[in-house]
Amino acid sequence: MRKIRLGSRSSRLALAQAEYLQARLRAAFPEVEFDIVRISTQGDRNRLVSMGELPGVGFFVKEIESALAAGEADIAVHSLKDVPVELPPEFILAAVPEREDTRDVLISRGRKLDQLPVGAVVGSDSLRRSFQIRARRPDVEVRSIRGNIETRIKAVEEGRVDAVILAAAGLHRLGLETRIDEYLPLTEFLPPPGQAALGIEVRKNDDFSRETAGAVNHPPTCLAVTAERSFLRRLGGGCRAPIAALGTVEGDVLTLRGMVADEAGRNIISRSLSGTASAAEAVGGALAEMILEAGANKYIN
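Just so it is clear, the structure is predicted and the values come from calculations on it, not from any experiment.

> Explain the confidence of the model for the chain to me, using residue names and the numbers behind them.
With 92% of its residues at a pLDDT of at least 70, the chain reaches an overall mean of 92. Scored below 50 in pLDDT, residues 50-56 makes 19 contacts in the model with residues more than four places away or belonging to other chains.

If you want it as structure tokens, here you go:
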């Protein structure tokens, strides 16, 4: 029996994502054996360091790519928002399965964001979320918090923070929907490029793995995230400025919303653009140009 190894981070959420892909691929290719290889990444090992302080980009990805390059894994399963917009030349994104819920959510022991008391502590390690929270509730304190989903929920349960903001997709994938106290509106909490989508990466010269992974590709999701990643690439890819983007595809029309802020979150520029879905790369680049021309270049530089 032919065997394909799926490389994944070893967190509970990452393994849930890998197991989801494994089940999809087994159903499509019952004659192939699909095993999961657990890989420790820099981002997993540096839990005490803020994400903004970790060097470079790809700190949840590089070790998995090393396993791909060494032939220790054949297909890498990533959270797409963690994947740099520029891949090493020997790799390619072979598929993007259908996306989960793109919204952020609040977990807070029964309260909605507007119901938190003045001075409440909200945990988040995302600069984007931090200023989005303050834009809605300037009277609360945003405190950096890292760790997996369970660790962050425990911080709320133990009273170390009053609330945390997480991605809905992760809670859905772990069956923790009942812990959600509020789904935050996309109009105020636009997600980062690629949130809630999986990126399936393979060696460019591995035709078998590439064709196998392609069976789970969801074209509307793939086009939407292509536009989002094109937007991010034009803005500088790995820059530290808060950047958000969300593409939606209806028929052959792609609508992309994008936003850039300064690091303090005091100045925000947002725009939207629609175009032909098949020209997703161009739509993303064009929206980035609109935002740069509106003054975002000074936040990014």
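> Any details on the environment of glutamate 157? Residues and values, ideally.
Tracing the chain through its elements places glutamate 157 in helix H5 (residues 149-157). Distance in space between the C-alpha atoms of glutamate 157 and isoleucine 107 is 9.6 Å, their sequence separation being 50 residues. When neighbours within four sequence positions are excluded, glutamate 157 is seen to be in contact with Arg109 and Arg179. A distance of 2.4 Å separates a polar atom in the side chain of glutamate 157 from a polar atom in the side chain of arginine 179.

> Break down the sheet that holds strand S4 (residues 91-95) for me, with residues and values.
With mixed pairing, the five strands of this open sheet are ordered in space as S2-S1-S3-S10-S4. Every other strand in the sheet has two partners, leaving strand S2 (32-39) and S4 as the edge strands with one partner each. For this sheet the average axis-to-axis angle between neighbouring strands, irrespective of direction, equals 35°. For strand S1 (residues 2-9) and strand S3 (residues 75-79), the ladder comprises two bridges, and the chain directions are parallel. Residue pairing in the sheet places glycine 7 in a bridge with alanine 76 of S3.

> Could you give an account of the environment of arginine 229, naming the residues involved and the relevant values?
With respect to the element layout, arginine 229 can be found in helix H8 (residues 219-235). Distance from arginine 229 to glycine 214, taken between C-alpha atoms, is 19 Å for residues 15 residues apart in sequence. With sequence-adjacent residues up to four places away left out, arginine 229 is seen in contact with Leu80, Val83, Pro84, Val85 and Leu93.

> Account for the nonpolar core, naming residues and giving values.
Note on soluble globular proteins: their nonpolar side chains tend to be buried together. Ranked by size, the top nonpolar core spans 22 residues in total, and within it Phe231, Leu235, Leu254, Leu256 and Val260 carry the most contacts. Elements with a minimum of two residues in this core: H8, strand S11 (243-250), strand S12 (253-261) and helix H9 (280-300). Among the elements that take part in this core, H9 stands out by supplying nine residues, more than any other. Once residues within four sequence positions are removed from consideration, leucine 235 is found in contact with Ile243, Val260, Ala288, Leu292 and Ile300.

> Summarise the sheet that holds S12; cite the residues concerned and give the values.
Strand pairing in a sheet takes place through backbone hydrogen bonds and is either antiparallel or parallel in direction. Reading across the sheet, the three strands line up as S11-S12-S13 and stay open at both edges, with antiparallel pairing between neighbours. Each having just a single partner strand, S11 and strand S13 (268-276) make up the two edges of the open sheet. Direction aside, neighbouring strands of the sheet carry axes that sit 10° apart on average. Taken together, the nine bridges between S12 and S13 define a ladder with antiparallel strand orientation. Paired with arginine 257 across the bridge in S13 is serine 272. Each of S11, S12 and S13 touches helix H4 (residues 127-136); the most contacted strand, S12, lies at about 80° to it. Relative to S11, H8 is tilted by about 150°, and along the sheet it contacts S11 and S12.

About the thresholds
- Residues numbered from 1 in each chain as written.
- Predicted model: local features only at pLDDT ≥ 70, side-chain atom pairs only at ≥ 80, totals over all residues.
- Heavy atoms only, no water.
- pLDDT = per-residue confidence, 0-100.
- Contact = heavy atoms within 4.5 Å.
- Helix = DSSP H or I, 4+ residues; strand = E, 2+ residues; numbered from the N terminus.
- Polar contact = N/O pair within 3.5 Å; in protein donor to acceptor, adjacent residues only side chain to side chain.
- Pairing = 2+ DSSP bridges.
- Axes fitted to C-alpha atoms, helices over the stretch in contact; angles between N-to-C directions.
- Core = buried A, V, L, I, M, F, W, Y, C linked by side-chain atoms within 4.5 Å.
- Buried < 20%, exposed > 50% of the residue type's maximum accessible area, 1.4 Å probe, protein only.

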